[in-house]
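Here's the letter readout for the chains.
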Amino acid sequence: MRISLNWLRELVEIKLSPEELAETLTMAGFEVEEIEDRRTWANGVVIGKVLERQPHPNADKLSVCQVDIGADETLNIVCGAANVKADIYVPVATTGTYLPNIDLKIKPAKLRGVASQGMICSLKELGLPTDVDGIHIFTQENLPLGSDVRPLLGLDDVILDLTATANRADALSMVGVAREVAALTGGKLSIPEPGEVSIPKNAGNLALKIADTQACPAYIGTVIEQVKIAPSPEWLQQRLRAAGVRPISNVVDITNYVLLEWGQPLHAFDLSRLQSVASSDLTIGVRFANNGESLKTLDGQTRTLASQNLLITANDKAVALAGVMGGEETEVHLGTQSLILEAALFDSVAIRRSSRSAGLRSEASGRYERGVNRAELEVANRRALSLISELASGILVQQEIADTRPHPSTWRRSIALRLDRVNQILGPIELGEDTGELQEQDVERILTALGCQLTPSDNVPGEDTTHQSRWSVSVPPYRYRDLEREIDLIEEIARLYGYNKFCDTLPEKAEAGYLPLDEELIRKLRAFFRAEGLTELIHYSLVKPGEDRQIVLSNPLFVEYSALRNDLISGLIDAFQYNLEQGNGALNGFEIGQIFWREEDGLQETEALAGIVGGDISLGKWSKSGREEPITWFEAKGILESVFRQLGLQVEFQPDRRDDRLHPGRTASLWIQGNSLGIFGQLHPQLRREKGLPNSVYVFQLDLDVLLDSLGEDEILVPTFQPYSTYPASDRDIAFFAPVKISVAEIQKVITKAGKDLLESVELFDEYRGENVPQGQRSLAFRLVYRASDRTLTEAEVEPVHNKVREALVEKFGVNLRS
């Protein structure tokens, strides 16, 4: 918000320079982004009177003027403006004046052979907006020649561009900033108190109908007749321009002025236009829009409304977007003779939703969204009515009020405050070379300056009352929204006392930092997968809707990102396809992220680890004549097994065909100690063709919680040393026909169990299907390694164990042994 210091000085006593005031406000939490010193814009520009104008002898578009600036001699000034003439008062930049807005220093010069001793200025050259194409002509008469022009143009002012935090709705007004400055500096407040306005009690043609009192707790409609629409007086226009608001007409300017002064949005309707929209008996209503209703707002756009748009209606016809912007059909214009002034309170949530739905923000909606002071609605309304009576000659005819606000006695909240809690939170203060604590008088002085009322309260029985003070703090209505708890009051005490006056204290003893176990394990996982040649990928958690058990957002930014992902594999497949289409080749990558899904008992969330592999993992192509060799199922599976081996995990692979995206004969579910860990498999040929992917693309997804739980067990975190045997091993091969439906993992499990006493390892080294192999079976060959740690095994020791393995295979699976 742009703050005019001239205006602010009328509301509060200010003894600080603009720079000091800006520093004080910034240190108190109100950031001053810019100091606009308008006094430099026209330093050296004075009031002059054009005594005579003659055409330039050598230029058709130039004039030679004799200008009196109250000096001993008149100035000869060449002027190029078409509106210059004799007997007018104008701003004159004298020789030596610097005009910063056009970066020009005035020097004696000759223009087409005629000497010029200064420059007659336009408002644009002085940094002010104007619609006039030419020099500025003062409308006042008998102005003192040679006097400073800045007071007449409002250029004897300094503007502070102030940014208030979102919780300080009261600081979006001149009165609110004045209260803050008074609390910070101790300056005396001089806030104008509007007098009572006289309104006849007899009934008129206006009625109110508030359909939703929660969305609109208070509405004041005042009928004003015999209004004379005209330009506002210069003082009002200057204040609006200083605040960055364009003057329009006296009535509209008054509503904007009260908005800036009190932070209360107002709106003026043309009464005759309202009656033409409605009928002679007018009912102003407040309701939510029906889907499909339309309204042409003051910015000239016709808007299609939704059910969350709050409307002002005339006999149920929409005439304004409540709290946001008025309608073009009922706006005040030059021919307006009677009007209705609206002063209302609207719910902040309702206005925020309405404004967002319409895609429209305004000065009014910005204030309603933060919260307008409900206690000063009548004050702002009286202020506007008195100004309309004074500046537009309006006569107040009728006023209707719909008020469902709680009783005024509830507008001041009481908060318990403890002095020991204040000092406990804020810590010691600097007192020269010593330190100390905030005292009772400090707390009372600060909170009283903020408008709070402090009442000492009794201590709680049984507590230590030494150096302990308690107050019941009554918060003023204009701070009702942001002062709700004891900690809010403590923050205010620190802010006004000065953050820089508190001691900087460090912990007495620093502790060494450490990573949580889960984070340390996740970092290991990342390192192991990167070591296997996989690149870490990161995707949005938001995806397109349409999947089963998906969680859909109720208020998404885009339709393409309106649901939460329920797995990581889909995103990895899309990334693989995108990289392929962009000419980056096949992608080998992994991702760690959250997934979400919906179940009958509620919404679920977990962290998952997934990967995709499909590119050639060899380092060079020269040995293969530039040909790429796609990774095989076993090589892709080996990446996972390598990571599991480094982590010390025993993971079991079992056939699986539940995921339609994966090949039904080349998919495995992963299990660890009986718990489902995840899935691994090759992409289904149909999906591969649809997305134009290579033949061999493999994906996996692991439940990170299950993985971390397994890694967190003591035997893995603290592995025990297994001594190497110094004795030779004895190996045996075993080959047999086994049904295809029996997995190698099941066979290895039975072999390991049967030979557990001496068996050191078991490894599949051959698989064959085809000629001489029975239908529905395959030939498997395993190598079994037997070893003892304390002796060399003899044939008599190995053979019984090996036979036990053979018997277990025949008994369990009915295999046909070949060796």
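Residues numbered from 1 in each chain as written. Predicted model: local features only at pLDDT ≥ 70, side-chain atom pairs only at ≥ 80, totals over all residues. Heavy atoms only, no water.

1. Structural notes on the packing of aromatic side chains
No. 1: Across all of its chains, the model carries 11 aromatic pairs by this definition.
No. 2: Geometrically, the ring pair formed by Trp7 and Tyr257 is stacked, given 4.8 Å between the ring centres and 5° between the ring planes. Here the residue Trp7 occupies a position in helix 1 (residues 5-11), and Tyr257 occupies one in helix 6 (residues 250-262), the gap between them amounting to 250 residues.
No. 3: Overall, the relative accessible area of 1% leaves Tyr257 in the buried class.
No. 4: An angle of 25° between the planes, with centres 5.4 Å apart, marks the rings of Phe529 and Phe590 as stacked. One end of the pair, Phe529, is in helix 14 (residues 517-531); the other, Phe590, is in strand 33 (residues 589-599), with 61 residues separating them in the sequence.
No. 5: Given a relative accessible area of 0%, Phe590 falls into the buried group. (Phe/Tyr/Trp six-rings, centres within 6.5 Å; stacked < 30°, edge-to-face > 60°. Helix = DSSP H or I, 4+ residues; strand = E, 2+ residues; numbered from the N terminus. Buried < 20%, exposed > 50% of the residue type's maximum accessible area, 1.4 Å probe, protein only.)

2. Comments concerning the packing of helix 6 against helix 10 (residues 377-391)
No. 1: Contact geometry of helix 6 with helix 10 gives a least axis separation of 10 Å together with a crossing angle of 150°. The pairing of helix 6 with helix 10 is recorded here as roughly antiparallel in orientation. For helix 6 against helix 10, the interelement crossing comes out right-handed. When helix 6 is examined against helix 10, the residues Asn250, Ile254, Tyr257, Val258, Glu261 and Trp262 are found in contact with a partner set consisting of Val379, Ala380, Arg383, Ala384, Leu387, Ile388 and Leu391.
No. 2: Here the residues of the contact of helix 6 with helix 10 are counted per class, giving 10 nonpolar, one polar and two charged. (Axes fitted to C-alpha atoms, helices over the stretch in contact; angles between N-to-C directions. Parallel < 35°, antiparallel > 145°, perpendicular 65-115°, else oblique. Left-handed = near helix turned anticlockwise from the far one by under 90°. Contact = heavy atoms within 4.5 Å. Nonpolar A, V, L, I, M, F, W, Y, C, P; charged D, E, K, R; others polar.)

3. A short note on the sheet that holds strand 20 (residues 317-321)
Strand pairing within a sheet occurs via backbone hydrogen bonds; the two strands may be parallel or antiparallel.
No. 1: The sheet built from five strands is open, its strands ordered 13-16-19-20-21 with mixed pairing. Lying at the two open borders of the sheet, with one neighbouring strand each, are strand 13 (206-210) and strand 21 (325-326).
No. 2: Pairing of strand 19 (residues 310-314) with strand 20, which is carried by four bridges, proceeds in the antiparallel orientation. Residue pairing across strands places Thr313 opposite Ala318, the latter belonging to strand 20. (Pairing = 2+ DSSP bridges.)

4. Observations regarding the sheet that holds strand 5 (residues 75-79)
No. 1: In space, the five strands of this open sheet follow the order 5-4-3-6-11, with antiparallel pairing throughout. Edge positions in the sheet fall to strand 5 and strand 11 (118-120), since each of these pairs with one other strand and no more. With direction set aside, neighbouring strand axes in the sheet form an average angle of 45°.
No. 2: Relative to strand 5, strand 4 (residues 63-68) is paired through five bridges, and the arrangement is antiparallel. Note on strand 5: the bridge partner recorded for Cys65 is Ile77.

5. Details of the environment of Ala178
No. 1: Tracing the sequence through the fold places Ala178 in helix 4 (residues 174-185).
No. 2: According to the relative accessible area criterion, Ala178 is buried, its value standing at 0%.
No. 3: Distance from Ala178 to Leu21, taken between C-alpha atoms, is 12 Å for residues 157 residues apart in sequence.
No. 4: Those residues in contact with Ala178 that sit more than four places away from it in its chain are Leu8, Leu11, Val12 and Leu189.

6. Thoughts on a nonpolar patch on the surface
No. 1: Judged by side-chain polarity, Tyr540, Leu557, Phe558 and Tyr561 come together as a nonpolar surface patch covering roughly 520 Å² of accessible area.
No. 2: Within the secondary structure layout, Phe558 lies in the loop between strand 31 (551-552) and strand 32 (563-564). (Patch = residues over 30% accessible without salt bridge, like charges linked within 9 Å, V, L, I, M, F, W, Y side chains within 5 Å. Areas by Shrake-Rupley, 256 points an atom, 1.4 Å probe, with all protein chains shown as cover. Salt bridge = Lys/Arg side-chain N within 4 Å of Asp/Glu carboxyl O.)

7. Details of unusual backbone geometry
Apart from glycine, the bulk of residues carry a negative phi angle, and the bulk of peptide bonds sit in the trans form.
No. 1: Positive phi is not limited to glycine here, since Gln226 has a value of about 55°.
No. 2: Summarising the element assignment, Gln226 is placed in the loop between strand 14 (218-225) and helix 5 (234-242).
No. 3: By relative accessible area, which is 54% here, Gln226 ends up exposed.
No. 4: Despite not being glycine, Gln673 shows a phi value in the positive range, around 55°.
No. 5: Exposure remark for Gln673: the relative accessible area of 56% places this residue in the exposed category.

8. Focus: helix 11 (residues 419-426)
No. 1: All of the buried residues along helix 11 are Leu419, Val422, Asn423 and Leu426. Considered in projection along helix 11, the buried side chains sweep an arc of 90° and stay on one side of the axis.
No. 2: On its buried face, helix 11 sits against strand 24 (414-418), helix 12 (440-449), strand 28 (470-474) and helix 13 (486-497).
No. 3: Looking one or two residues beyond helix 11, the residue adopting positive phi is Gly427, at roughly 85°. (Arc of directions from axis to C-beta.)

9. Brief notes about the side chain of Ser116
No. 1: Take Ser116: it is sitting in strand 10 (residues 114-116).
No. 2: Its relative accessible area of 6% is what places Ser116 among the buried residues.
No. 3: At 3.1 Å, the side chain of Ser116 forms a polar contact with the backbone nitrogen of Val78.
No. 4: A polar contact of 3.3 Å, which involves the side chain of Ser116, links it to the backbone oxygen of Gly118.
No. 5: Each residue touching Ser116, except ones within four places of it in the same chain, is listed here: Asn76, Ile77, Val78, Lys107, Pro108, Ala109 and Leu111. (Polar contact = N/O pair within 3.5 Å; in protein donor to acceptor, adjacent residues only side chain to side chain.)

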